[in-house]
Every structure is written in C-alpha cells, then in structure tokens.
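# Descriptive analysis of the structure
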Amino acid sequence: MTPPGEGRPADAGQANAATRPSALRVVLSGIAPLVLVGLMVWWFLLFGVNYVRLGPPPVEKLAIERVIFKPQEITLLVRNEGPGPLTVAQVLVNQAMWDFSITPGRELARLQSARISIPFDWIEGDPYNFDVITGTGVRHVRTVQVATATPSVSSRALGIFGLLGVYVGVIPVFLGLLWLPFLRSMPRSWMDFWISLTVGLLAFLAIDTFRESFEVMGRVPEFLNGLMLVALGAIGAFLALTGIDGIMRRRGGSRPAGARGMGLALMIAIGIGLHNLGEGLAIGAAYTLGEVALGSFLILGFTLHNTTEGLAILSPLVQEKVSWRDLFLLGLVGGGPTIVGTWTGAFTYSDPLSLVFLGIGGGAIVQVISVLVRARAESGESAIEALAKPRNIAGLLVGFILMYLTGLLVAG
Amino acid sequence: MADAARKHAIRTLTEFDTGKVTRLKDGRVLREYWIDALNTEIEVAPGVRYAAWTFNGAVPGPTLRCTEGDSTLVHFTNKAAMPHSMHFHGIHAANMDGVFEQVPPGSSFDYAFTAKPFGLHIYHCHTMPVKMHIARGLYGVFLVDPKTPRPKAREMVMVMNGFDTDLNDEDNEFYTVNGFANVFFRDYPIPVKQGELQRVYLVNMTEFDLLNSMHTHATFFHVYPTGTTTTPTNYTDTITLGQGERAILEFRYDYPGRFLFHAHQNEFAELGWLGQFEVKP
C-alpha cells in the first residue's frame, strides 16, 4: 500500500494524459484547424487576393429564374449567379427595349436576387423572349413558349390543380387496384410474371424520373449543383427506405418484409407516391411556366399511363387476404402525393427543390425494385439470376413496354 | 459616364473639326487634324458599357470637314493596344490608303492627300479583321464641301451604327445614332425651326446588318447620294443605306409639333434608333 503523499504524481499525470486527454486539449485540438483556416481566409482577403487578381473582370451571369404573368404586367425574378457583382442595365421584351422597375435595385451582389416589373400588354398564348442586359453588355435570355396567366393561390385555383392531381394521380392508381380479382383468378404459377412485370413498370418510372430531373437540371443555376441535389434525394431516399425495410423485417421475425404481401405493397406504394409527387410538381410547374397547355388529351394520357401504377402495387397481394381499407390506404399513399405535387408546382415552384424531390422519387423506386427482386430470389440465388428466368424476362419487358406505350399518350 | 455618352452624341450632331488652317506657298489651304486611336470604355445605352476602340475617345470619331481641293494632313497616333490604321474614302495615293501601312501601338503616321471628290465620306480603321475594328467603333465622318458652298441650312451629322455588346455573336444588341440609344428621343429631342432648311449628313456605319435606314415623319426630303452632286436624285421620306453608304438629306417642316424619325427597320427602332424633331414656329 502506498502511503498518502508518496508515489509519483507527475508520472501518473503523464500516463493519464496519454490515455485520456483533458477536456481542454480535446476542445483545442478540435478548434485549432478551424482557427488556422479562419486566419488563412482573413489573410487572403486582406492581402493575398491582391497577388492573384489577374486578368479581366469575370463574366457576368444572371439567371431569369421565374417569369410571372399578371394582367398588363410581366415580372421577372432574376438572380446574379456570377462570381462578382453586376448591374441590370436594360430589359428587352421580344427584342424591344422596354421600361421596367427593379426592386431592391439595379446593383446585385453575388447570389442576390431581384424582381423586375415590366408593364406590358401581353397576349395569352403568345411566345415571349426576355433579354436582360447587364452593365458589361452581356445578354441573359429566357424564353416562354406560351404565355399563361400565372395562377395565384385562390380557392378556385387550389380546386382546379387539386382536381388535376386527382385525375392524373389518384383515380388511375385506384382504377389499377381494381385488377385484384383478375390477378387472383390467374394461375398461381403466374406470380413470378406479375412481380417481374411490376419490376418492369418500376424500372420505367425510375428512368423516367431521372430523365425529368435532367431536364430541370438545365434550368438550375450552376452553383447549386443540380446533379448533387438529385443524388442527395436519391441516396437519401434509398437509405431511408432500406432502414424502414430493416425495421419491418426485425418486427416480422426472420421473414423478410418482401415476403409479406402488405409490407411489400406498401413499400411499392410509397415509392410510386414519391414518384407521383415529382410528376405532380412537373405538371403544375410546366403549366405555370407556359410549357404545356393542359389539354384533355394530355390529362387522359396521364390517367391511362398511371393506371399501370395501381397494377404494380397489387402484385405482392395476389395471394394475400387484403381488406378494402388496406387497398384504399395503398391507393392514397401511391396517388395522393400527386395533388401535393400539382399544388406545389403551380404556386411555389422551385427548380432546386423539385430536383431533390425527383431524386427522392427515383431513389425510392430503385430501392423498391431491389426489395422486390431480393424477395423473389430463392436462397443462394443472385438478383440477376432471379430475373434471368424466361418468364421473368417476359414480365419485365411487358411491364416496360406497357409503360412506354401508355407514355406515348402523354407526349406533347 | 452615361452623361458623357449623351453629350458626345449631341455634340456630334453639330460639331465639325475643320482642322488647323494654314496657307501653302501655292496659296492652297492646308488643314491639319490630330487623331489618336484609343481603347475607351463607352456607354451605348443607359447602364450598358462597351469596351470600344475609338478615334479620339468616343464613337463615332470627330467629323473632319474640309473643302474640295484642300491639302489635308492627318496626324494619326496609335495609343491603343494593337495595330490600327486610318482608311479614308476619297481619291488618293496608294500609300495613303491606310491598308498596307499598319500603324503599330505607340507609332504615328501622317496621311497627306488632296481632298476630293466633294461629298459625304467616311474614314475608318482598315486593320484585319476589318468588321471587328469597325464594329468596335473605329470610324467617323469625312465631309468634303464643294467649292461653291451648299445653300445655307441648319446642318446635322447622323451616324447610324449598332453595338454587339456581348461581343460574341455578331448580333447587335443596340442601334444608335451617334453612339447612344434613343438619345434624340429621350434626352435631346432635336429643336427645329418651322420652315427652316434642314440638312442631314446621314452615314451608315452599322456592322453585322446589311442595311440601315431613316424615315422622317410628316415631311419628305431631297436625297443627294454620297453628297457628290448638288442636284437631288430622289424625293422621299424613307432612305435605305448599305454598310458604308451615305447620303445628304434636305427637308423642312411645315407644321410645328413633335415628329419622330427612326430606322424603318422597326426592330432597330425598338433597340435604340429612334429620335424626334421638336418643331417650333
């Protein structure tokens, strides 16, 4: 036993520090790199920048993010997405200099946005070209193919776009669900075919979602890095659904969620619902941006196209007992988000946000595909091997072609 | 800067550089002019800057005026960043033509010739690529009066031009008279006395568009193509000129009030080529 006051306190302290550093040291070592980076930034902005300031002033870049048509007035929402400040000098409408007012002012700092109001007697249905010319004479262009009054949030507009969502997303999914008795009357050996048909449908939807996102990407300012927004949504959705799948699997014991019909159907419905959210966004925005006139033909096209989505939700339920309540719930999960999409797209559309949503939709569908394939794979079989059976290949192709053909109705 | 551009456009309307006049031993008049080529940032429409190449700091350059038969000596100094030259329209010796004798930065060149024929002429840089050297602003009016002066009139110089401000597509963003969009519409409607003879020296220095034109409202004008005759060849209210083409127009206003004049290519008018005469009794 060591008497009190003896021993070697200094050594003990050293040993302590080596194994378990003091709180102060932890904090310091965490902060030190930040402080050094801060010092470097400070020095660079004060002195260093003068050494690297070479060449001509940077090229001005201005995005015309949104065009709003109101009676006798057109409003452009613009953002300076160039590397330095710029001045809005002139505005041309269809190649004619036009009077305008701008708030908060003509001088825009980097990433600052402004609102340009142009008194203009525009005509419904005509195409319009907008050129904003900035201080150094650079021309920034936006074209609207078909001018349409921008809807403002009113109970009437909410009703119209809500109804649109119901037509395009909700009703078709429910109609597709009505195929359940038909599927049940088919031989049980056809099960694999229906599942692979669903995989084909979903593969089409996933690709279609990403294609849509590429279109939007072209409109998003470069600095926002549109591709990464899609990736963020896709990877996030994939991982989140994988996590949910894992939780459901643990609750259901050893059996994977995919093997239980209702769980799998719900996963498919969620994936399709997220896809439909993106689709609704696109429809609402396209209408607002004057890119489509929502003719009756287009709406019918979407209705037929989306009926196949109901079919996709059904396939895991063929051999299960399922209540009307559950079917209703699945339809709502799969189709309901379309309404949210059309509303959001029409009234508060934002390209960057819809990229995230499109990514989520795409990622969710890919995850559902992976669950479906794994669920059908027999033990020791890889996903590819499971798909490569003649009946499955046939199902895949039929599903894909079905989507393609009904998709033709939407073209235009 | 917008102010400077406006003032230059208005000054160009009525300001003539008649040079430093001396008499040669043979009794002829000698006129000397001093012209510098410069890189100058100008403004071509409110808020729109343009990295111009200029003669004496603005677009168009000064209007050089003399009389047929005068001995003319132009002292040219290149203070810009690349070779330039001065090519005069007129009749002169090959080595005074400003094409093969390029003037490098920091150098000078004297152009000496006898002014002929009388008429409304131009000078511009003739360094390759010429379209760029003209589009960037290196041009001006060279006016040679006939020995018997034209009738007394209120005289105006109007140089029609365009500016491809984004410099990347050979497509003019703005069209102007004397270098600033709509200057004679918004900033300075041109005051005119009712019934007084008006003479416009109209010059087309537009690049990238084949033609430019002028239309006067509520009056007709007599046309003297290239100003090389003293009898008009046409009586009209609209004249179209090709690149480098020019004409003298003479007209009066019979009624007081405000009268537009503009390019009758109305797409040019909408992009800055618009003006008005304010006729007072």
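In the block above lies the structure referred to throughout.
The shown structure was predicted, so the numbers you read here are calculated from the model rather than taken from an experiment.

## Digging into the overall build of chain A
When helices and strands are tallied, chain A shows 13 helices and nine strands. Residues classed as buried in chain A amount to 45% of the 412 residues present. Excluding contacts between residues fewer than 6 apart, the proportion of contacts in chain A whose partners are at least 24 apart in sequence is 76%. A total accessible area of about 21300 Å² is found for chain A, and carbon and sulfur atoms account for 68% of it.

## Re the interface of chain A and chain B
At the interface, 14 residues of chain A touch 18 residues of chain B. Here chain A and chain B share an interface that buries about 1200 Å² over both sides, 52% of which is from carbon and sulfur atoms. Taken together, the links from chain A to chain B amount to four salt bridges. A salt bridge links Arg186(B) to Asp99(A); the shortest N-O distance between them is 3.1 Å. Viewed at the interface, chain B and chain A are joined by seven residue pairs in polar contact (both at pLDDT 80 or more). Every element with two or more residues in the side of chain A that touches chain B is listed here: strand S3 (86–93), strand S4 (96–97) and strand S8 (128–134) of chain A. The greatest single-element share of the side of chain A that touches chain B, amounting to three residues, is contributed by S3(A). Class assignment for the residues of the side of chain A that touches chain B results in six nonpolar, six polar and two charged.

## A closer look at the nonpolar core
By size, the foremost hydrophobic cluster in this structure holds 61 residues, and its most contacted members are Met158(B), Ile190(B), Leu202(B), Ile239(B), Leu249(B), Trp273(B) and Phe277(B). The biggest single contributor to this core is strand S10 (residues 154–163) of chain B, with six residues. Residues in contact with Leu249(B), not counting those within four places in the same chain, are Gln198(B), Arg199(B), Val200(B), Leu202(B), Met214(B), Phe221(B), His222(B), Val223(B) and Ile239(B). Counting residues in hydrophobic clusters, the runner-up holds 40 residues, among them Trp194(A), Leu311(A), Leu317(A) and Val322(A).

## Thoughts on unusual backbone geometry
What you tend to see is this: most non-glycine residues have negative phi, and most peptide bonds are trans. Residue Pro104(A) follows Thr103(A) across a cis peptide bond; omega there is 0°. Along the chain, Pro104(A) falls in the loop between strand S5 (101–103) and strand S6 (107–108). Going from Lys116(B) to Pro117(B), the amide bond is cis rather than trans, its omega being -10°. Structurally, Pro117(B) is set in the loop between strand S7 (108–114) and strand S8 (119–124). Backbone geometry places Gln72(A), a non-glycine residue, at a positive phi of 65°. Tracing the backbone through its elements, the reader meets Gln72(A) in the loop between strand S1 (62–70) and strand S2 (73–80). In this structure Gln72(A) comes out as exposed when scored by relative accessible area, which is 51%. Despite not being glycine, Leu111(A) has its phi angle at roughly 70°, a positive value. Of note, Leu111(A) is situated in the loop between S6 and strand S7 (113–119). Of the residues examined, Leu111(A) reaches a relative accessible area of 30% and is grouped as partly exposed.

So, how was this worked out
Numbers given for residues are sequential positions, taken from 1 along each chain in its written order. Key to labels: chains lettered from A, ligands numbered from 1, both in the order written. Where local features are concerned, this predicted model is filtered to residues with pLDDT of at least 70; where side-chain atom pairs are given and counted, the filter is 80 or more; whole-chain, interface and lining totals use all residues. Here the side-chain values reflect all heavy atoms present in the structure, with hydrogen atoms and water set aside. Under the DSSP-based scheme used, a helix requires at least four consecutive residues in state H or I and a strand at least two consecutive residues in state E, with every element numbered from the N terminus. Accessible area is worked out with a 1.4 Å probe on protein chains only. A residue is then buried under 20% of its type maximum, exposed over 50%, and partly exposed in between. Here, residues are in contact when the closest pair of their heavy atoms is within 4.5 Å. Note on areas: Shrake-Rupley, 1.4 Å probe, and residue coverage restricted to the protein chains presented here. Buried area, as used here, totals the accessible surface that two parts lose on assembly, with accessibility defined by a 1.4 Å probe and the loss added over both. Definition used for salt bridges: Asp or Glu carboxyl oxygen within 4 Å of a side-chain nitrogen of Lys or Arg. Polar contacts, as counted here, are pairs of nitrogen or oxygen atoms within 3.5 Å of one another; within protein the pair requires one atom able to donate a hydrogen and one able to accept it, and residues that are adjacent in sequence qualify only if both atoms are side-chain atoms. Any residue that is not Ala, Val, Leu, Ile, Met, Phe, Trp, Tyr, Cys, Pro, Asp, Glu, Lys or Arg is counted as polar, Gly included; the first ten are nonpolar and the last four charged. Nonpolar cores are built from buried Ala, Val, Leu, Ile, Met, Phe, Trp, Tyr and Cys residues. Side-chain atoms within 4.5 Å join them into one set.

In short, the description is geometric, and any link to function would need to be established separately.
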